[in-house]
Amino acid sequence: MRKLALILFSLPLFCHAQRSAPLPPYPQDYFRNPLDIPILLAGNFGECRPGHFHSGVDIKTTGKENLAVRAAGDGYISRIKMDKGGFGHALYITHPNGYTTLYAHLNDFAPAIQRYLRKEQYERKKWDIDISLAASQFPVKKGQQIAFSGNTGSSSAPHLHFEIRNTKTEHPLNPQLFGLNVTDNIAPTIDEVAFYKGNIYETDNKVTVTLAKNGDVYKPVRSNSTTFRLVKDTLRVPDGFIGVGVNVDDYMDGSTNTITFYTAQLFLDDNLQSQVTLDDIGYDETRYINAYADFKTKELQRKWMQCLFKLPGNRLNNLYTDLNTNNGRLDLTDYKPHKVSIVITDNRNNTSTASFYVAIEDATYLAPANCTPFAYNKANTYEDPNVTFTLDERQLYDDICFSFARTPKADAYSDQYRLHHFYVPLHHYFDLQLKPTKPVPFDLRSKVVMMYTDGKDQNAKAALSVDQGWYKASVRDFGTYWLDVDTDPPTIIPAQKNGANLSKAKQIVFTVKDATTSVKTYSGYLDGKWLLFEQHGSKFFYNFDEHCPKGSHEVVFKAEDENGNGSESVLRFTR
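Residues numbered from 1 in each chain as written. Predicted model: local features only at pLDDT ≥ 70, side-chain atom pairs only at ≥ 80, totals over all residues. Heavy atoms only, no water.

## What about the nonpolar core?
So, point 1. Counting residues in each nonpolar core, the largest one holds 63 residues, and the members touching the most others are I77, I146 and I508.
So, point 2. Take this core: its biggest share by element is 4 residues, from strand 10 (residues 99–109).
So, point 3. Grouped together as the second largest cluster of nonpolar side chains are 45 residues, L308, L332, A354 and F356 included. (Core = buried A, V, L, I, M, F, W, Y, C linked by side-chain atoms within 4.5 Å. Buried < 20%, exposed > 50% of the residue type's maximum accessible area, 1.4 Å probe, protein only. Helix = DSSP H or I, 4+ residues; strand = E, 2+ residues; numbered from the N terminus.)

Okay, structure coming up:
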């Protein structure tokens, strides 16, 4: 296997050119702006996010909540989904033209929808529900108010997340290709370019090449208003087949938020080698973001380097077009200088171009040592006296040379086991089995947890006992694992004092945290009857409604973690 060389240089650039990629045949005047204010974006389709591509547009709500959210077109409310994370409070509208729109991070819905939701939640005694609706229940007209904007779910600031999906495939599509009125006259900025040699996940004994006295960062100089060149005449790279990655920021008029591009093209001597188009990415394939972007650079440097070449295990086949026979890698094996051009175009046809020359130079290859080869397209099993797991044929995006290390841990029930490197991605969950290195007392066997760290953060999952003393958990990351036990229940802290007069309060609030795993289940009861509590992070709250009349009351709030450790808190109050 070959190694990775990462060479970065800044290339701020603005220019204009015609879009070379044809627009898909989406309707241009069917959908309206779902808000009553001009569209300013905090995020757009295809942005790189941890574990997924952004699936819609984030429309700013001027820092406020409870703006009117309106149906983007005629149709009917086909789904209501309430989630403590993700989209939070969300509505889906199915339209007769074959598309579905999604409105997320909402607060309350329109009154009739809100009453229906509350009835369903109390009947099911469940806050987080997912309801499919018939076309006759809540028909809507274009422009009709359906909800109020908010900041629920995984939102970190008030905004409206808006998606347009293909109803049949359920794939999110790029909403900016549907004729929404977005003012954007600013071309993308190509911040950095990276060159990759060989397998990008192989990092041990990597071959590096210093291209300048002060390191490998280059400052371009302007040739004219639309192109840039490097001070150094020709870059020398240490491999005959080079992959190219880009770190790009785009902006729109009136907003300081960065967004992403629509297409990226890579040329060698003016011949197209690959094109990336950010549109039509299904939820079943969105985790391939970890194959599309340089996962190691994201984990270690917190920047998104987007690859214009395709890894062998990357199944985002619709994302890449016009790939050369090397899956987008550049062939420099003739040792001659070659012109490389990168053309970045945003959703409004603003275009930036970077051009430079590259040639190969000889480099010494250092073979990896003390590792086990894992093939990206085969099942790979690893067995140790205290560790065993199998990765299926879809787990890896490229071949790796798997490394393993063991470290004693006296205060735990097993040694620590380092499974390869945390900055090498895995596509989905797999069953990891560990065997304790000291006996687990019988009364603690149901409390065993599998601990994990990537060297920065630590978390845990409940581990199930399996045959012959092994414990199993479903995980999806390389990193360091070990076994321990968890007997501590969640802590529950009420925001109000016992005996308080809450006649002017809007909510009852409890803060619930678990030190080792997470809160798995919770419930609240008012005078013995189930009460609708909502979770937002560690905050659990009930908004006063008709279910809590005036008078003296008692609320009992219960929470349980993944290992069955439970606790409760009692709050007495008057209303």
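## Points about the pattern of salt bridges
So, point 1. Across all of its chains, the model carries 17 salt bridges by this definition.
So, point 2. Linking R49 and D58 is a salt bridge whose minimum nitrogen-to-oxygen distance equals 3.7 Å.
So, point 3. Looking at R49, the relative accessible area reads 23%, which means it is partly exposed.
So, point 4. Notably, a salt bridge pairs D128 with K126, separated by 3.4 Å at the nearest N-O pair.
So, point 5. Judged by its relative accessible area of 38%, K126 falls in the partly exposed class. (Salt bridge = Lys/Arg side-chain N within 4 Å of Asp/Glu carboxyl O.)

## Digging into the state of the cysteines
So, point 1. Counting across every chain of the model gives 1 disulfide.
So, point 2. One disulfide in the model links C371 with C401; its S-S distance is 1.7 Å. Classification of the bridge connecting C371 and C401 rests on its S-S torsion, roughly 55 degrees, and on that basis the disulfide is right-handed. Within this pair, whereas C371 is found in the loop between strand 27 (350–360) and strand 28 (372–374), its partner C401 is found in strand 31 (residues 400–402), the two being separated by 30 residues in sequence.
So, point 3. This cysteine, C307, is not joined by any disulfide, and C48 carries the nearest cysteine sulfur, 9.5 Å off. (Disulfide = S-S within 2.5 Å.)

## Here we look at the sheet that holds strand 46 (residues 539–543)
So, point 1. Ordered by their spatial adjacency, 4 strands build an open sheet running 40-42-46-45, and the pairing between neighbours is antiparallel. In this open sheet, the two strands that pair with only one neighbour each are strand 40 (491–494) and strand 45 (534–536). Taken over all neighbouring pairs, the strand axes of this sheet differ in orientation by 25 degrees on average, direction set aside.
So, point 2. Where strand 42 (residues 507–513) lies against strand 46, 5 bridges are found, and the strand directions are antiparallel. Within strand 46, the position partnered with Q507 by the bridge is N543. (Pairing = 2+ DSSP bridges. Axes fitted to C-alpha atoms, helices over the stretch in contact; angles between N-to-C directions.)

## Comments concerning the pairing of strand 30 (residues 387–391)
Regular strands show a simple pattern: their side chains alternate between the two faces of the sheet.
So, point 1. Extensive coverage of strand 30 is indicated by the burial of 4 of its 5 residues.
So, point 2. Examined bridge by bridge, strand 29 (residues 380–384) and strand 30 share 5 bridges and lie antiparallel to one another. Each residue of the ladder has a partner; that of E383, found in strand 30, is T388.
So, point 3. Counted between consecutive antiparallel strands, the loop separating strand 29 from strand 30 contains 2 residues.
So, point 4. Taken together, the 3 bridges between strand 30 and strand 34 (residues 430–434) define a ladder with antiparallel strand orientation. The residue bridging T388 from the neighbouring strand is Q433, located in strand 34.

## Structural notes on empty space enclosed by the protein
So, point 1. One pass over the full model with this rule turns up 2 cavities of 30 Å³ or more.
So, point 2. The space that makes up the largest cavity amounts to roughly 40 Å³.
So, point 3. Along the walls of the largest cavity sit D279, D280, I281, E285, R315, L316, N317, N318 and L319, which together make up its complete lining.
So, point 4. In terms of residue class, the lining of the largest cavity is made up of 3 nonpolar, 2 polar and 4 charged. (1 Å grid on protein atoms, 1.4 Å probe; cavity = no way out; pocket = protein on both sides within 12 Å on 5 of 7 lines; lining within 4 Å. Points joined across faces, edges and corners; volume = space filled by probe spheres on them. Nonpolar A, V, L, I, M, F, W, Y, C, P; charged D, E, K, R; others polar.)

## Overview of the environment of H95
So, point 1. Topologically, H95 is positioned in the loop between strand 9 (89–94) and strand 10.
So, point 2. Sequence-wise, H95 and A72 are 23 residues apart; in three dimensions their C-alpha atoms are separated by 9.4 Å.
So, point 3. Non-local contacts of H95, meaning those with residues more than four positions away in its chain, are made with Y30, F31, G73, D74, G75, T100, T101 and Y103.
So, point 4. At 2.6 Å, the side chain of H95 forms a polar contact with the backbone oxygen of D74. (Contact = heavy atoms within 4.5 Å. Polar contact = N/O pair within 3.5 Å; in protein donor to acceptor, adjacent residues only side chain to side chain.)

## A closer look at unusual backbone geometry
So, point 1. Located in the positive-phi region is N327, a residue other than glycine, with phi close to 55 degrees.
So, point 2. Along the chain, the position of N327 falls in the loop between strand 24 (320–321) and strand 25 (330–331).
So, point 3. Although it is not a glycine, N349 adopts a positive phi angle of roughly 70 degrees.
So, point 4. Tracing the backbone shows N349 in the loop between strand 26 (338–345) and strand 27.
So, point 5. A residue is classified by how much of its surface remains accessible, and N349, at 22% relative accessible area, is partly exposed.

## Some details on the confidence of the model for the protein chain
In low-pLDDT regions, the fine details of the predicted coordinates are not to be read closely.
So, point 1. Here the protein chain shows a mean pLDDT of 89. Residues at 70 or above account for 89%.
So, point 2. In the model, residues 1–19 has pLDDT below 50 throughout and makes 117 contacts with residues more than four positions away in sequence or in other chains. (pLDDT = per-residue confidence, 0-100.)

## Quick notes on the side chain of D486
So, point 1. As for its position among the elements, D486 is in the loop between strand 39 (479–485) and strand 40.
So, point 2. Within the buried set, D486 has no salt-bridge partner at all; the shortest N-O distance to an opposite charge, 7.7 Å, is to K447.
So, point 3. At 3.2 Å, the side chain of D486 forms a polar contact with the backbone nitrogen of D488.
So, point 4. If we ignore the near neighbours within four places in the chain, the residues touching D486 are K447, V449, D514, T516, T517, D561, N563 and N565. (Lys, Arg positive; Asp, Glu negative; His and termini not counted.)

## A closer look at the packing of aromatic side chains
So, point 1. Per the stated rule, a full pass over the model turns up 33 aromatic pairs.
So, point 2. On the numbers, 6.4 Å between centres and 85 degrees between planes, the contact of Y26 with Y99 is edge-to-face. Residue Y26 is located in the loop between strand 2 (15–16) and strand 3 (41–43), and its partner Y99 is located in strand 10; the two are separated by 73 residues in the primary sequence.
So, point 3. One aromatic cluster is present, formed by F374, Y382, F389, F402, F404, Y417, F430 and F478 through successive ring pairs.
So, point 4. Directly above the ring of Y413 sits K438, whose terminal nitrogen or CZ lies 5.0 Å from the centroid.
So, point 5. Note that K539 overlies the ring of F541, its terminal NZ or CZ placed 5.3 Å from the centroid. (Phe/Tyr/Trp six-rings, centres within 6.5 Å; stacked < 30°, edge-to-face > 60°. Lys NZ or Arg CZ within 6 Å of the ring centre and 35° of its normal.)

## Structural notes on the sheet that holds strand 36 (residues 458–462)
So, point 1. Taken together, 5 strands build an open sheet; the order of strands is 32-33-39-35-36 and the sheet is antiparallel. The open sheet has two edge strands, strand 32 (404–407) and strand 36, and neither has a second partner. When the angles between neighbouring strand axes are averaged without regard to direction, this sheet yields 25 degrees.
So, point 2. Taken together, the 6 bridges between strand 35 (residues 448–453) and strand 39 define a ladder with antiparallel strand orientation. Pairing of M451 across the sheet is with W482, part of strand 39.

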